[in-house]
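# Close look at the chain arrangement
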Amino acid sequence: EDGVIQGFLESIKIPDTGSGVIASAVTLNKVLTKMVLKPHQLPTPEFQVIRSVQDVIQMEMPVVLKPQEEGSSFGVSIHRSEKSLKDQLEKDLKTFDSMFIEQFISGKEVTVSVLGWGKALRALPILELKPKNAFYDYEAKYTSGKTDFILPAQLEPSVAKQIQEIALLAHKACCLHGVSRVYFMVEKDIYPMITEVNSIPGMTELSDLPAEANCAGIAMPDLVEEILNSAWQRP
């Protein structure tokens, strides 16, 4: 997802699906993604980059501790005290190159996929995630029965429309192509905040994109074909 394979394929002139080198590299890095979203006035939780255990924590608890460049919620943890945060940070900095903390948003966790290109670009139905773990972590994402999926999400129509519009704007702001998925936390069921933009959504039986496409009346073969056809349309 970091753009390396895309760059290799471009260098030997083989078309590939999804986004280009720069867009892929930026969206893999959650901090860089926020730096792209903010000038476009797209809502995302406040954050602080953490380089060492000695760094002064400038945010109020609770916070979410995240690696800057990992997918599938790998290495993500929620902390309600500075001691808990520092203890986990000491362990994580031995595993991950770069970490950051993000304002904890309590509310519904939803995701919406963006599909197509040009005039055919559209947001798919919104999927609401109800993990049986504390949050939608690695286990909840890849273990059958660990998460309840509500599709379409239980949101007011005006809020759902706003989330889809924001997802489309985020897709464009990050210069993504063909397909993407945007994660949101919806505070008080009203205020959507982008927590992550994914340039290569999963395509497994448990993945969000195929479920959202199916809800929109797009069968898996048609979904795959549309993504494949996008390879020849990337600028």
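Note: the structure precedes this text.
Bear in mind that the values here come from a model prediction, so they are computed numbers and not experimental data. (Residues numbered from 1 in each chain as written. Predicted model: local features only at pLDDT ≥ 70, side-chain atom pairs only at ≥ 80, totals over all residues. Heavy atoms only, no water.)

## Regarding the packing of aromatic side chains
Heads up, the rule is: Think of it this way: a Phe, Tyr or Trp ring, Trp meaning its six-membered ring, pairs with another when their centres are within 6.5 Å, and the plane angle makes it stacked under 30 degrees, edge-to-face over 60, tilted otherwise. The rule is short: NZ of Lys or CZ of Arg within 6 Å of the ring centre and within 35 degrees of the ring normal puts a charge over the ring.
Counting across every chain of the model gives one aromatic pair. Across from the ring centre of Phe104, 5.2 Å away, lies the NZ or CZ of Arg80, which sits over that ring.

## Details of the nonpolar core
Basically, it comes down to this: Think of a nonpolar core as a cluster: buried Ala, Val, Leu, Ile, Met, Phe, Trp, Tyr and Cys residues, connected wherever their side-chain atoms sit within 4.5 Å. Buried residues are those whose accessible area, probed at 1.4 Å on protein chains only, stays under 20% of the maximum for their type, while exposed residues exceed 50% and partly exposed ones sit between those limits. Numbering of helices and strands starts at the N terminus; helices are DSSP runs of H or I of at least 4 residues and strands are runs of E of at least 2. Working rule for contacts: check all heavy atoms of both residues, and any pair within 4.5 Å makes them a contact.
Ranked by size, the top nonpolar core spans 27 residues in total, and within it Leu155, Ile163, Phe184 and Ile194 carry the most contacts. For this core, the elements supplying multiple residues, two or more each, are helix H2 (21–28), helix H3 (30–37), strand S5 (107–116), helix H6 (157–173), strand S9 (178–187) and strand S10 (191–198). Per element, the largest residue contribution to this core is seven residues, and it comes from H6. Non-local contacts of Phe184, meaning those with residues more than four positions away in its chain, are made with Lys108, Glu109, Val110, Val112, Ile163, Ile166, Ala167, Pro192, Met193, Ile194 and Thr195. The next biggest cluster of nonpolar side chains, apart from the first, holds 10 residues, and it includes Met59, Val63, Leu89 and Ile101.

## Quick notes on the packing of H2 against H3
Heads up, the rule is: Between N-to-C directions, angles cover 0 to 180 degrees, with each direction set by a line fitted to C-alpha atoms, over the stretch in contact for helices. With respect to orientation, any angle under 35 degrees is reported as roughly parallel, any angle over 145 as roughly antiparallel, any angle of 65 to 115 as roughly perpendicular, and every other angle as oblique. The nonpolar class holds Ala, Val, Leu, Ile, Met, Phe, Trp, Tyr, Cys and Pro. Asp, Glu, Lys and Arg form the charged class, and all remaining residues, Gly among them, are polar.
As a packed pair, H2 and H3 sit with axes 5 Å apart at the nearest point and diverge in direction by 110 degrees. Here H2 is positioned roughly perpendicular relative to H3, judged by the angle of their axes. Only Lys30, Leu32, Thr33 and Val36 of H3 make contact with H2, whose side of the interface consists of Val26, Thr27 and Leu28. Each residue belonging to the contact of H2 with H3 can be placed in one class, and the counts come to four nonpolar, two polar and one charged.

## Concerning the sheet that holds strand S1 (residues 47–50)
Our working rule: For two strands to be treated as a pair, DSSP must find no fewer than two bridges joining them.
Read from one edge of the open sheet, four strands run S1-S4-S2-S3, paired in antiparallel fashion. Each having just a single partner strand, S1 and strand S3 (77–79) make up the two edges of the open sheet. Across this sheet, the average inter-strand angle for adjacent strands is 25 degrees, counted without regard to direction. As defined by bridge partners, S1 adjoins strand S4 (residues 99–103) across four bridges and the pair is classed as antiparallel. If you follow Phe47 over to S4, its bridge partner there is Glu102. Of the strands in this sheet, S1, strand S2 (63–67) and S4 are in contact with H3, which crosses S4 at around 50 degrees. Packing against the sheet, helix H4 (residues 82–92) makes contact with S1, S2, S3 and S4, and its axis sits at approximately 5 degrees to S2.

## Re the pairing of S4
Among the five residues in S4, four count as buried, and that is most of the element. In terms of strand pairing, S2 meets S4 through five bridges, oriented antiparallel. Each residue of the ladder has a partner; that of Lys66, found in S4, is Phe100.

Fair warning: the whole summary comes from geometry, so function is off the table for now.
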